[in-house]
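# Chain and residue survey
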Amino acid sequence: MSTNQNLYIDNTMLQAFAVCPRKYYWRHVRNLTPTTTGGSPALNFGRAIHKALEERYLGKDLESQLRTFKDTLDPSAMDTNRNYETGLLLLLDYDKKWGKEQWEVIGVEESLTFELAKDVLFCARIDLRVKMMGSVYVVEHKTSGRAGWFTPRPNHQLSGYSYGGRIVGGDAQGAIVNILYVYAPSSKKSINDKFHRSITHREELELSEWRQWVLYQKSLIDRCIEAQWFPMHTNDCYRCVYKDLCNTTNPEFVEEVVTNSYQIEIWAPWKVDGEE
C-alpha cells in the first residue's frame, strides 16, 4: 500500500470538502479536532450501536451485544434520547424484530482500499455484506431520531459502497439501508416504528458517474493543496467546530486558538484496525 497519503480519499473527507473546503483544511490538512470533552450524542450513540451490531453479525450472543454497547458508549456525550437505557431497549427490540434474518452474512466491517485512477485510492469501510434472494448487497447501518431524513438514491455514500462491494464480492447489486430510529422510552413506539430497511440498486452508469464525481472532487482538493488556499463556505458555520479559527484573522492568534482548543488527530481511513 502506498505511503503517499495524498493519494487517498474517503467519504468522510469528501463530505467535509463539499460542506466547506476550509473545514477540510482544518480537519484533514491540519489534522485538528476539538479538545472539548463529550462530543456529539448522536455520533456517540451511533458508534456504540454500530459496535453492538458488529458483535451480532459476528455471531456473538445478545448479552455480548448489550455489554459492548455499554462499554462503547461515552457517558459524557449522552442526552435524554441517546443514553444507556434507550440503547439497550433498542437493541432488545432489534433482536425481537430481526431475530430470524432473511439474509446470509458473508462479511462484517470490511475495510477496502481500491484504485479509481493511477493517483487516486478510495477507502471505504462496509458495515456488512450479505446474500439475500440470490443477490449480494452491502448493508449500511443508520441511527436517527426522525423518519424520512435519509435519501438512498441518489446517494454518493451508498454508490461508493456498492462500487466497493462489486470489487470485493464481484456481484454486489446495491445496498440495504438498515435504519434504527432513536425514540425516548416514553414515546411508546411499536417495534415496527423503530426499524426500517430499504433496498437500493445501482446500475453501471450510476457507479461510473460516482467514480467521475470522486475524481472531480479529488482534483479540486488537489488544486486547493497546490494553491495553499481553501475557500470558505458560510452556509453551515453556526454548528461548525472550526468557526473560532475562521473568525480569527491574525495568524498568531489562530495558532493560539489551535494550541488552546484543538489537538492533532490524523484521519487515516487507509489503515486497518490495529495498524500503526
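For the structure itself, consult the block above.
None of these values were measured; they are calculated from a predicted model.

### Digging into the overall build of the chain
If you tally the helices and strands in the chain, you get ten helices and eight strands. For 276 residues, the compact-globule estimate of 2.2 N^0.38 gives 19 Å, and the chain sits close to it at 20 Å. Across its three principal directions, the C-alpha atoms of the chain cover 60 × 45 × 35 Å. Considering the chain as a whole, with its 276 residues, one finds that 44% of them fall into the buried category. Pairs at least 24 apart in sequence give 70% of the contacts found in the chain among residues at least 6 apart. Summing over all exposed atoms, the chain offers an accessible surface of approximately 15,200 Å²; the carbon and sulfur share of this is 49%. Taking the average place of the 33 positive charges on the side chains of the chain and the average place of its 36 negative ones, the gap between the two points comes to 5 Å.

### A word on the packing of helix H3 (residues 41-57) against helix H4 (residues 62-72)
Direction vectors running N to C along H3 and H4 enclose 150 degrees, while the axes themselves pass 8 Å from each other. What the angle tells us is that H3 and H4 run roughly antiparallel. For the pair H3 and H4, the crossing hand works out as right-handed. Contact with H3, carried on its side by Asn 44, Phe 45, Arg 47, Ala 48, Ile 49, Lys 51, Ala 52, Glu 55 and Arg 56, involves Ser 64, Gln 65, Thr 68, Phe 69 and Thr 72 of H4 and no other residues of that element. Considering only residue class, the contact of H3 with H4 consists of five nonpolar, five polar and four charged.

### Focus: the packing of helix H1 (residues 11-19) against helix H2 (residues 21-29)
The contact between H1 and H2 brings their axes to 5 Å, and the two run at 135 degrees. Here H1 lies oblique to H2, going by the angle between them. Contact with H1, carried on its side by Thr 12, Met 13, Ala 16, Phe 17 and Val 19, involves Pro 21, Lys 23, Tyr 24 and His 28 of H2 and no other residues of that element. Tallied by class, the residues present in the contact of H1 with H2 amount to six nonpolar, two polar and one charged.

About the criteria used
Residues numbered from 1 in each chain as written. Predicted model: local features only at pLDDT ≥ 70, side-chain atom pairs only at ≥ 80, totals over all residues. Heavy atoms only, no water. Helix = DSSP H or I, 4+ residues; strand = E, 2+ residues; numbered from the N terminus. Rg over C-alpha atoms; globule rule 2.2 N^0.38 Å. Buried < 20%, exposed > 50% of the residue type's maximum accessible area, 1.4 Å probe, protein only. Contact = heavy atoms within 4.5 Å. Areas by Shrake-Rupley, 256 points an atom, 1.4 Å probe, with all protein chains shown as cover. Lys, Arg positive; Asp, Glu negative; His and termini not counted. Charge placed at Lys NZ, Arg CZ, Asp CG, Glu CD. Axes fitted to C-alpha atoms, helices over the stretch in contact; angles between N-to-C directions. Parallel < 35°, antiparallel > 145°, perpendicular 65-115°, else oblique. Left-handed = near helix turned anticlockwise from the far one by under 90°. Nonpolar A, V, L, I, M, F, W, Y, C, P; charged D, E, K, R; others polar.

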